[in-house]
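Structural characterization, general
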Amino acid sequence: MVIARIGGRVTRIKPLVAGNWKMNGLGGSLSELAALRDHLAASPVPEADAMMCPPATLLTRAHEVLSGSGILLGAQDCSPHPSGAHTGDISAEMLADAGATAVIVGHSERRHDHGETDAEVHAKALAAYRAGLTAIICIGETEEQYREGHTLDVLRSQLEGSVPEGARAGTTIVAYEPVWAIGTGLTPTPPEVAQVHGLIRTVLGQMLGDSEAGAMRLLYGGSVKPSNAADLLFVPDVNGALVGGASLKAKDFYEIMSVYAGSGI
Ligand code: 13P
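These lines cover the structure that appears in this document, whether it is placed above or below.

The rules behind the values
Residues numbered from 1 in each chain as written. Predicted model: local features only at pLDDT ≥ 70, side-chain atom pairs only at ≥ 80, totals over all residues. Heavy atoms only, no water. Helix = DSSP H or I, 4+ residues; strand = E, 2+ residues; numbered from the N terminus. Expected span 1.5 Å × (residues − 1). Contact = heavy atoms within 4.5 Å. Pairing = 2+ DSSP bridges. Axes fitted to C-alpha atoms, helices over the stretch in contact; angles between N-to-C directions. Right-handed = clockwise from strand over helix to strand, strands pointing away. Buried < 20%, exposed > 50% of the residue type's maximum accessible area, 1.4 Å probe, protein only. Near = heavy atom within 4 Å. Polar contact = N/O pair within 3.5 Å; in protein donor to acceptor, adjacent residues only side chain to side chain. Nonpolar A, V, L, I, M, F, W, Y, C, P; charged D, E, K, R; others polar. Arc of directions from axis to C-beta. Core = buried A, V, L, I, M, F, W, Y, C linked by side-chain atoms within 4.5 Å. Left-handed = near helix turned anticlockwise from the far one by under 90°.

Side chains that are three or four residues apart share a direction in an α-helix, a result of its 3.6 residues per turn. A rise of 1.5 Å per residue sets the reference length of helix α7 (residues 151-162), with its 12 residues, at 16 Å; its end C-alpha atoms lie 16 Å apart and thus fit the reference within 8%. As for α7, its buried residues are in contact with α4 (108-113), α5 (118-130), β7 (134-139), α6 (143-147), β8 (172-176) and α8 (190-208).

Below, the structure is given as structure tokens:
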């Protein structure tokens, strides 16, 4: 179940299902957000929180669609800088101004497409805190690192490099997204996810102390869909999902959330 065991104590954490639309979505896609809002109003899933992270161009309109619904609004990236001569970049303050309460930082597509380093991800997480946003910090190993058995070392080093010292459970979420599972239909086995998430919580405990680490949401991401959500989300130390492709359709996203309905969490 969605329970974190740390320092011998057991902490209950309300799960979060977050959708990452990536570079998908025009104005017409807001109808999917409206459909999700209406589904959740008609058949709520009070056991879990929902968040959607559309592209920055849709944030303001998405904020209007979601207003009063309880569905959280997140963004997909931010500049480490608050303002200035950084053409094309968007600051965390601008995202907050557009209605976001969270921002994804260090997604593997940013790390790989744009060469983002752990130090940059760390700076972006600090920018999120500065603007009053929750930072969703992504980590994950490549297929080669997975095959060579380096997963745990890679994740430890990404956590140590990307998660700021002062990170707090209320404003930090860590998402484990194995690069080889993103958009491929492949996923780690539930025991592999359990092992990795256990390690993540242990490393966070060493970095931030047991009470912050024990209360922090750890999301799994990578090919989560309605058919595998129950297997992946009821793994120890998994406190929700970061969903890509399946978040584009309200029906699929709602079905993923529904695995928590009546789960007694
Ligand atoms: P998919 O769910 O499409 O595999 O994407 C996962 C992801 O990258 C979410 O951030």
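Let us keep going from here.
With that settled, consider the sheet that holds β8. Taking strand neighbours around the barrel as the criterion, the 8 strands line up as β3-β4-β5-β6-β7-β8-β9-β10 in a closed arrangement whose pairing is parallel. Taking each pair of neighbouring strands and ignoring which way they run, the sheet shows an average axis angle of 25°. Sheet topology places strand β4 (residues 49-53) next to strand β5 (residues 72-75); 2 bridges connect them, and they run parallel. Considered in β5, the bridge of M51 is made with L72. α5 rests against β6 (102-105), β7 and β8 of the sheet, and its axis sits at about 160° to β7.

This brings us to the pairing of β5. This β-α-β element, β4 to helix α2 (residues 59-66) to β5, shows right-handed connectivity. Chirality of the crossover, the property in question, places the unit of β5, helix α3 (residues 92-97) and β6 among those that are right-handed.

With that out of the way, let us pick up the pairing of β6. Burial of the side chains of β6 extends over both faces: A102 and I104 are buried on one face and V103 and V105 on the other. Two strands pair when backbone bridges link them, and β5 and β6 are joined in this way by 2 bridges, in the parallel orientation. Looking at β6, one finds that G74 is bridged to A102. Judged from the 4 bridges that link them, β6 and β7 form a sheet pairing that is parallel. If you follow I104 over to β7, its bridge partner there is I136.

Glancing now at the site of the ligand. The ligand sits among N20, K22, H107, E177, A181, I182, G183, G222, S223, L242, G244 and G245. Within the side chain of E177, an N or O atom sits 2.9 Å from an oxygen atom of the ligand. Within the backbone of S223, a nitrogen or oxygen atom sits 2.7 Å from an oxygen atom of the ligand. Classifying every residue of the shell around the ligand by side-chain character gives 3 nonpolar, 7 polar and 2 charged.

Here N228 lies in the loop between β9 (217-221) and α10 (229-233). Setting aside chain neighbours within four positions, we find N228 in contact with T187 and S223.

Regarding helix α11 (residues 250-258), the residues found buried are A250, F253, Y254, I256 and M257. All buried residues of α11 lie within an arc of 155° about the axis, which places them on one face of the element. The inward-facing, buried residues of α11 abut β3 (16-20), α1 (30-42), β4, α10 and β10 (240-243).

Even without a glycine there, the phi angle at K22 is positive, about 55°. Residue position: K22 is located in the loop between β3 and α1. Phi at S223 takes a positive value of approximately 60°, unusual for a residue other than glycine. As for its placement among the helices and strands, S223 is situated in the loop between β9 and α10. When its relative accessible area of 15% is taken as the criterion, S223 is described as buried.

Nonpolar side chains tend toward joint burial in soluble globular proteins. Among the nonpolar cores identified, the biggest contains 71 residues, and V174, I200, L204 and L233 are the most heavily contacted of them. A per-element tally of this core places α8 first, with 7 residues. Core analysis: the next-biggest nonpolar cluster, separate from the first, contains 12 residues, L16, A18, A102 and A175 among them.

Glancing now at the side chain of N239. With respect to the helices and strands, N239 occurs in the loop between α10 and β10. One polar contact links N239 to R201, side chain to side chain, over a distance of 2.7 Å.

In contact at an axis separation of 10 Å, α7 and α8 are set at 35° when each is read in the N-to-C sense. When you trace α7 past α8, the crossing you get is right-handed. For the pair α7 and α8, contact is made by T151, L152, L155, R156, L159 and E160 and by Q195, V196, L199, I200, V203, L204, Q206 and M207, respectively. When its residues are assigned to classes, the contact of α7 with α8 shows 9 nonpolar, 3 polar and 2 charged.

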